[in-house]
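# Overview (structure and organization)
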Amino acid sequence: MQHLDIAKKESGKIWHRKPSASYEDGLIVKISHGSSGPFLSHTHNVRFLHATFDSSGDRFVAGDHQGNLIVFDLTRNRFQLVQKTGKSCTSLAFKLRRKTEILATFSDYSIKCYDTDTKELVSWMKGHKTAVHSISVHGSGRYAITTSSDAALLWDLDTFTRKRKLNVKDNVDIVKVFFLPLSNTIITCFKDDSIFAWESDTLKCKYQLPVPEGQRPQYKAFATTRDGRMLVAGGKSRFLHIWCLDTQSLLRVIELPTKVHVVKQLQFLPESFDGGSGQVVGVLSQDGIMRFINIFSFRLEFDIGSLEDRILNADVSPSGRHIVAVVESGCLNLYCVSSLTAERNKPPPPLVKMVTKKGQGTQIRSVTHPKAGQGRGRSKTLKTEEPRLPMDTASTKDSEDDVTGLPDGLDMNRLKAILKGYGEYPAKYRMFIWRSVLRLPENHTAFSNLVDKGTHTAWSKVHEDYPIKSRKLLRVLQRTLSALAHWSVIFGETNYLPVLAFPFIKLFQNNQLVCFEIIATVLVNWCQHWFEFFPNPPINVLSIVENLLAHHDKGLLQHFVKYGITTQVYAWPMMETLFSEIVTRDEWLKLWDNIFTNHPSFMLCIVVAYLICSRQPLINCIEHSDFEYFFHHRNPVDINSVLKTAYELQDTTPPEINPANSIEDFKPLTRGQYPVFNKYPKFIVDYQAQEREQIRQDELDYLHQRQVATEIKQQSQLRQKKEEAWYHQQELLQEAEEERRRNIMAEEQKLADQRLRLQAMKRELCMREMQVLDATRMRFMEHLQGQRDTQLKRLDDELMRKSLLRDQETQSAVADVEIKSMELEIQKERLEQELARESSAVDFKERVGHDSHRQQAELEERVGKKAWQSDLLQHQQDKTNAQWRLALADQQMADSEFHNQVKHRETLDHIHRKLHQLQVSTLQARTKNEEEAIWDKVQELKREKKERIREMMDNKGRKEKFADVHEIQTHSENSPQQTDELSLNRGRVAFVERERELLQQVHELRSKIALDNNHRQHHTNVARYSLEAVI
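For the structure given in this document, a descriptive report is provided here. Note that the structure is a prediction, hence the values are computed from the model and not measured. (Residues numbered from 1 in each chain as written. Predicted model: local features only at pLDDT ≥ 70, side-chain atom pairs only at ≥ 80, totals over all residues. Heavy atoms only, no water.)

Either a parallel or an antiparallel arrangement is found when strands of a sheet pair, and the pairing is made through backbone hydrogen bonds. Here four strands make up an open sheet; going across it, the order is β22-β23-β24-β25 and the pairing antiparallel. Looking along the sheet, the strands with just one partner apiece sit at the ends: β22 (219-224) and β25 (249-255). Across the sheet, the mean angle from the axis of one strand to that of its neighbour is 25 degrees, orientation sign disregarded. Two elements, strand β23 (residues 230-235) and strand β24 (residues 239-244), share four bridges in a ladder whose sense is antiparallel. What sits directly across from Met 230, in β24, is Cys 244. (Pairing = 2+ DSSP bridges. Helix = DSSP H or I, 4+ residues; strand = E, 2+ residues; numbered from the N terminus. Axes fitted to C-alpha atoms, helices over the stretch in contact; angles between N-to-C directions.)

What follows is the structure, given as structure tokens:
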């Protein structure tokens, strides 16, 4: 025993040398988890709480009370820390569908799933309100049931979601809920000892197991066999209750030793070749010792644990090789089952004893004969001579030596004694005994040469006719059949060879050489004369079977004849499958233990014995299909009775129909090279081989032609898809082109509408400008008219005042005439100056207002044009992103047109300004000249008037002078006003007419510029459409 302490280690080796279990306690290694710290004076042990194996039995996971999850790999000799959770573990499961995932429950009622490779948390599930004490995983690994005292939850491990919840009443708690193996049944047990079976899909109750009468067992522990057919339960009593779940009845009750008072845990111990039935169950009691008891023989096989270090819980590996137990000290104990069962697996003592006489070389054999009444046939016909053995006898001495002498030190008599006592060989030594009895040569070189030839063409498609789930088993089957076909051509044409060889291949799939040689030995010895009538069944061998049946059970043969059932129906199906279809694995092994130990003809006796033992159901069959079904399926026939009957037939058959006389003795395969097997009609086999090769060649040609046709079809389909894609692409391009054209037409329509709206806005602005100008001019004319009216009114008032004062000034007029004339001159000059000043100011204001209004209009027009051009440029830029080639040409043309228009407009504006300035300056100069001419005329008229007045005053008298002076004064006052008014009206009319002419010229220039722009835009659009058509 070795000891492992994983203190402060996250990974390492489990043992440092190859472990050897003790035969006393079977303990391989003891695992502890020590922990130390700066505040601890000594190292204390971190207690393990639970441990469980995975589905392969090579790994197990353990959890301690600090929440550490550790995986131990026994095959790789490694342990690894998966996770540190910090919470004590309450239960574990390692048999999930994904082999690297473990399911653990903790003291905080949570359920967590971890990946052992990545060491990451896969899922975190919650739902329980109390601690979870057990986890049961479905056989598929997809579902799990977690059980606490108040509820049981069904989880989907693919999605990690809760599917169902089983609630219970307050006064009844749940003891355990678990899945039955190989089924969809859920078993539930409650505190009141009621046990129910439910369908997992519908949760419909299937049945309830009866509770035994008497004292309540108070169940606490349950265990089921791997085939799910038996249930064992135990509790606070010394009794184990065993139910048969097929019949839902209590099978038996086992009373445990007196030391057992409470059953804490139950575990079945799997065994090889037991078919999952389970015979040994482990019972963990309150004393901490786990006892393994055979539930059929009621014998204590072995026990583990001790009173000093009691076992708290344990788990048995699915392979049945190891047991891991959590003991009271907090350690893990790993046990080897083979060491514990070594005493039980010892072969029984030989029934044939050999005594050697001292000092002499002669040996005396003592054979134990069967008792009287032990067997119907043997008790009556006990023979003194040795039965015929499978050996090659050349002489009596050699025969006597071969009876007892076998390879590896075995004795045929002892083997026969074992068969006589137990009916079969020990499972642990069966393969070794078979190899010795059949004397396999183990020709490695010859077998390698056969295997190196590759897969035989006859068995290249064996997977189609015999689909096998295991890929490894299928490869072994194909390799073995191919080797047999390369050894002899007949085995490439035998269609029933796979079903004949499959049982041996499945049994020896890990040793292909032994498998091949056993099958070859069977074909050479036990299939003698089978291929003489190939491809028909062996009529000669079947006639031997018919003769045996006619001699021993003539009524059954007459029943077969009555309904037209031949040996090809009731004998050949069993022979060509070597009984594998009608018996179970254990029964088949038992049959071949006896067949290999006896003469090759013994197999024919077993065929007849099986018919005789099945006499009653065969007599009840009258339909041909019923007979066929019977001989191709398992039937409730006791194999021990069949063997007993076969031995009786072998002993009681008359020599004339005894198959031993027609079948040769056993001949083992030769060493070095395998013997030639040519006991078949060669011409038929060669013809079939040629036909098969021709069919294979035709099939290859057909497959090649089909492949070529498939490739051509794929190419045509690909070409058709490409054409369809091209046409679809063209349609999309056409639709896109149409869409672009529609968009362009819509944009052009929008642009035309915008242009119309812009022209309407321009026209409206021009109309408003003309209205404003007209209103301003009318207002100015009204202002001038008001000024003239005011002036006239003032003059009228002055005249009235002067007419009133005329009489008063008549007397002083003569004296003051000169002064008056001077004052009048001064007034006239002042009036003329004011009129001139006002006229010039009004003209200046009018010019300034007109210029500012014109500049504002030009500025607005330029801003509008720039905005329109910026919009046009933005639109062209957007179109450039879609059609970059067309946009580039449009952009260049638009830029050139824009620059030309800007230059043209600047030139026109400059010319317009120059022309306007020239016209205004010319008009001002002309007006100034006219005013100066008018002023000169007025001055000249004044001088003439003054000279005339002076002349008149000189020629006339004073009185006349005064009258003339008054008249002249009045005339002179009116004359300048009329003259000034005439000259001003004439100049204003000329100015207005000139201004109208200038506005008309400006309007004509703008119309001409707009017309040129329209023509240029039209040419641009035509160029764009032509470029789009070219693209």
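Once the structure has been displayed, the description carries forward.
The next thing to look at is the nonpolar core. Trp 530, Phe 579 and Trp 592 are the most contacted members of the largest nonpolar core, which has 103 residues in total. Leu 4, Phe 53, Phe 79 and Leu 332 belong to the second largest nonpolar core, which has 22 residues in total. (Core = buried A, V, L, I, M, F, W, Y, C linked by side-chain atoms within 4.5 Å. Buried < 20%, exposed > 50% of the residue type's maximum accessible area, 1.4 Å probe, protein only.)

Counting across every chain of the model gives 24 salt bridges. With a shortest N-O distance of 2.3 Å, Glu 442 and Arg 435 are connected by a salt bridge. Taking the relative accessible area as the measure of exposure, Glu 442 reaches 29% and is therefore partly exposed. Connected through shared salt-bridge partners, Arg 97, Arg 98, Glu 101, Arg 142 and Asp 158 make up one network. (Salt bridge = Lys/Arg side-chain N within 4 Å of Asp/Glu carboxyl O.)

It is worth spelling out unusual backbone geometry at this point. Positive phi outside glycine occurs at Tyr 109, with the angle close to 70 degrees. As for its placement among the helices and strands, Tyr 109 is situated in the loop between β11 (101-106) and β12 (111-115). Residue Tyr 109 is classed as partly exposed on the basis of its relative accessible area, which comes to 34%. In this structure, Leu 182 takes a positive phi of about 60 degrees despite not being glycine. Checked against the element boundaries, Leu 182 lands in the loop between β18 (174-179) and β19 (185-190). Relative accessible area serves as the criterion here: at 72%, Leu 182 is assigned to the exposed category.

Here the focus is helix α8 (residues 471-487). Compared with an ideal rise of 1.5 Å per residue, which puts 17 residues at 24 Å, α8 spans 24 Å between its outermost C-alpha atoms and is within 8% of the ideal. Most of α8 sits inside the fold, with twelve of its 17 residues counted as buried. Along α8, the residues that are buried comprise Leu 473, Leu 474, Val 476, Leu 477, Gln 478, Thr 480, Leu 481, Ser 482, Ala 483, Leu 484, Ala 485 and Trp 487. Of the surrounding elements, those touching the buried residues of α8 are α6 (444-452), α7 (462-465), α9 (497-507) and α10 (512-526). (Expected span 1.5 Å × (residues − 1). Contact = heavy atoms within 4.5 Å.)

In this section: the environment of Leu 332. For Leu 332, the position within the fold is in strand β32 (residues 332-336). Residues contacting Leu 332, with those up to four places away along its chain left out, are Val 29, Lys 30, Ile 31, Phe 48, Ala 51, Phe 60, Ala 62, Phe 72, Val 324, Ala 325 and Val 326.

Turning our attention to the pairing of strand β6 (residues 48-53). In the sheet, β6 pairs with strand β7 (residues 59-64) via five bridges, with the strands oriented antiparallel. In the sheet register, His 50 faces β7, and the bridge partner there is Gly 63. Between the end of β6 and the start of β7, which pair antiparallel, lie five residues, with Gly 57 showing a positive phi angle near 85 degrees.

A word on the sheet that holds β11. Taken in spatial order, the four strands of this open sheet run β10-β11-β12-β13, and their pairing is antiparallel. Two strands lie at the open edges of the sheet, namely β10 (89-93) and β13 (121-125), each paired on one side alone. Across this sheet, the average inter-strand angle for adjacent strands is 20 degrees, counted without regard to direction. With five bridges connecting them, β11 and β12 associate as antiparallel partners. The residue of β12 that forms the bridge with Leu 103 is Cys 113.

Turning our attention to a nonpolar patch on the surface. A surface patch of nonpolar side chains, about 220 Å² in accessible area, is lined by Phe 239, Leu 250 and Val 253. Considering the arrangement of structural elements, one finds Val 253 in strand β25. Residue classification places Val 253 among the partly exposed positions, given a relative accessible area of 41%. (Patch = residues over 30% accessible without salt bridge, like charges linked within 9 Å, V, L, I, M, F, W, Y side chains within 5 Å. Areas by Shrake-Rupley, 256 points an atom, 1.4 Å probe, with all protein chains shown as cover.)

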